[in-house]
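Topology and contacts: notes
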Amino acid sequence: MRKKITVIGAGNVGATLAHWLAAKELGDVVLLDIIEGIPQGKGLDLLEAGPVEGFDVKIKGTNDFTDTAGSDLVVMTAGLPRKPGMSRDDLLKANFNVVKPTIEKVAQYAPECFLIVVTNPLDAMAQTAYKVSGFPKNRVIGMAGILDSARYRAFLAEALNVSVQNIQGLVLGGHGDTMVPVTRYTTVAGIPIADLMPKEQLDKIIARTAKGGGEIVNLLKTGSAFYAPSAAVAEMVDAIFNDRKKILPCAAYLEGEYGINGLFVGVPVKLGARGIEQIIEIKLTPEEHAALQKSAAAVKELVDIIGM
Ligand SMILES: NC(=O)c1ccc[n+]([C@@H]2O[C@H](COP(=O)([O-])OP(=O)(O)OC[C@H]3O[C@@H](n4cnc5c(N)ncnc54)[C@H](O)[C@@H]3O)[C@@H](O)[C@H]2O)c1
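Residues numbered from 1 in each chain as written. Predicted model: local features only at pLDDT ≥ 70, side-chain atom pairs only at ≥ 80, totals over all residues. Heavy atoms only, no water.

Our next topic: the overall build of the chain. Assigned secondary structure in the chain consists of 10 helices and 14 strands. Taken over C-alpha atoms, the radius of gyration comes to 19 Å for the chain, in line with the 19 Å a tight globule of 308 residues would show. Along the first, second and third principal axes, the C-alpha atoms of the chain reach 50 × 45 × 40 Å. Per-residue burial for the chain yields a buried fraction of 53% across its 308 residues. When contacts within the chain are restricted to residue pairs at least 6 apart in sequence, long-range pairs at least 24 apart make up 69% of them. Accessible surface, the chain as shown: approximately 13,900 Å² in total, 54% of it carbon and sulfur. Of the side chains in the chain, 32 bear a positive and 34 a negative charge, and the two mean positions are spaced by 2 Å. (Helix = DSSP H or I, 4+ residues; strand = E, 2+ residues; numbered from the N terminus. Rg over C-alpha atoms; globule rule 2.2 N^0.38 Å. Buried < 20%, exposed > 50% of the residue type's maximum accessible area, 1.4 Å probe, protein only. Contact = heavy atoms within 4.5 Å. Areas by Shrake-Rupley, 256 points an atom, 1.4 Å probe, with all protein chains shown as cover. Lys, Arg positive; Asp, Glu negative; His and termini not counted. Charge placed at Lys NZ, Arg CZ, Asp CG, Glu CD.)

What follows is the structure in structure tokens.
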């Protein structure tokens, strides 16, 4: 039996994710949105790409939650994206009012699913999904760190004119301007980045990474990034369904790790068949530790506003 994946929100991120999932044959896809016709139309269009691309998965667009029943994995992308000049945090209340009732339905129709949250502000929405669903913490995962790290890696590969596959790098912390790139763990084919790039250039790339989402928002003017965000989610789905035990930076519910308690923050986790199988605690310098605490405090502020 193929796995069943529900993607909630058939907008830019959701529809592009459905495309990656189908192309990689990671499972049958249910695409759900509140707008009538959009998920059905995009779903049908994607289904019709199957014979050309050679993927054999079922794709169904719907407005009806009963179609999501028994999903193995649900990805939450519904909500408003950022508009120019809007911070992720401005989105807080609007998207809380979308995420809370939607996750109640997810818990009702797919009580055993893995839940990947994409809706911004990411860490606060992951916390909402965790609290509202009542799912164990290994089954609720926020997507942000893979995207932030991918941006960082793409900029480094471009600057050094090397393959993106040679770049290993980790971005921790909340999704937003307080993210924490751990440059000591950035390597190019195993070579520490400090040996290959002057500090000023690296600092510029880090600053660009922290504002990576805003850079795209300003260019697009009518939406936010979706190719790289949805590719990042597809990597998480692949890691879970294929039990890859891949170490990836994701937002996870921390209970004491890194000195943070009761909060979703981006940290390296091991993703496998049981979802988050381990939270990897790496040794941080006092500066990195302080930056991570600051990032967690920013998440806590949002979580307090919505009472989660
Ligand atoms: N975590 C990350 O790194 C990251 C990256 C990119 C985007 N995002 C976030 O993902 C979300 C989606 O972005 P997008 O670009 O796809 O936006 P979009 O506007 O293109 O799509 C959002 C979709 O959600 C639907 N929707 C709204 N309320 C709904 C509900 N109650 N039930 C079902 N569907 C509903 C809308 O009709 C729309 O089709 C935004 O909050 C955005 O900020 C997060």
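A few words now on the site of the ligand. Taken together, the neighbourhood of the ligand is formed by 27 residues, with Asn-12, Val-13, Asp-33, Val-118 and Met-143 sitting nearest. Measuring from a nitrogen atom of the ligand, one finds a backbone N or O atom of Val-118 at 3.0 Å. One of the side-chain nitrogen or oxygen atoms of Asn-120 is found 3.0 Å away from an oxygen atom of the ligand. Taken by itself the ligand offers 870 Å² of open surface, and the protein chains cover 87% of this. For the shell around the ligand, the secondary structure elements donating two or more residues are α1 (12–23) and α4 (92–109). Partitioning the shell around the ligand into residue classes produces 16 nonpolar, 10 polar and 1 charged. (Near = heavy atom within 4 Å. Polar contact = N/O pair within 3.5 Å; in protein donor to acceptor, adjacent residues only side chain to side chain. Nonpolar A, V, L, I, M, F, W, Y, C, P; charged D, E, K, R; others polar.)

This part takes up helix α9 (residues 227–241). Relative to the 21 Å expected for 15 residues at 1.5 Å per residue, α9 spans 21 Å between its end C-alpha atoms, a close match to the ideal helical length. Of all 15 residues in α9, 11 are buried; the element is thus mostly enclosed. Within α9, the full set of buried residues consists of Pro-229, Ser-230, Ala-232, Val-233, Ala-234, Met-236, Val-237, Asp-238, Ala-239, Ile-240 and Phe-241. Just past α9, the residue Asp-243 takes up positive phi, approximately 45°. (Expected span 1.5 Å × (residues − 1).)

Let's shift gears to the environment of Gly-50. Note on placement: Gly-50 falls in helix α3 (residues 50–53). A relative accessible area of 5% means that Gly-50 is categorised as buried. The spacing of Gly-50 and Val-269 is 219 residues in sequence and 33 Å in space, taken between C-alpha atoms.

What follows concerns the packing of aromatic side chains. Given two aromatic rings, one states the distance between the centres and the angle between the planes to describe the pair. A complete count under the given rule lists 5 aromatic pairs for this structure. Grouped by ring-pair contacts, the aromatic residues Tyr-130, Tyr-253 and Phe-264 constitute a single cluster. The lysine or arginine in question, Lys-3, covers the ring of Phe-241, its NZ or CZ lying 5.4 Å from the ring centre. Residue placement shows Arg-139 over the ring face of Phe-135; its charged tip is 4.5 Å from the ring centre. (Phe/Tyr/Trp six-rings, centres within 6.5 Å; stacked < 30°, edge-to-face > 60°. Lys NZ or Arg CZ within 6 Å of the ring centre and 35° of its normal.)

With that settled, consider the pattern of salt bridges. Under the defined criterion, the tally for this structure stands at 11 salt bridges. One salt bridge connects Lys-245 with Asp-243, and the closest N-O pair in it is separated by 2.9 Å. For Lys-245, the salt bridge is made with Glu-277, and the minimal N-O distance between the two is 2.7 Å. With Lys-245 in the loop between α9 and β12 (246–255) and Glu-277 in strand β14 (residues 275–279), this residue pair connects regions lying 32 residues apart in the sequence. Here Lys-245 falls in the partly exposed class, since its relative accessible area comes to 39%. Given the relative accessible area of 18%, Glu-277 is considered buried. Counted as one network, the salt bridges with shared partners bring together Asp-243, Lys-245 and Glu-277. (Salt bridge = Lys/Arg side-chain N within 4 Å of Asp/Glu carboxyl O.)

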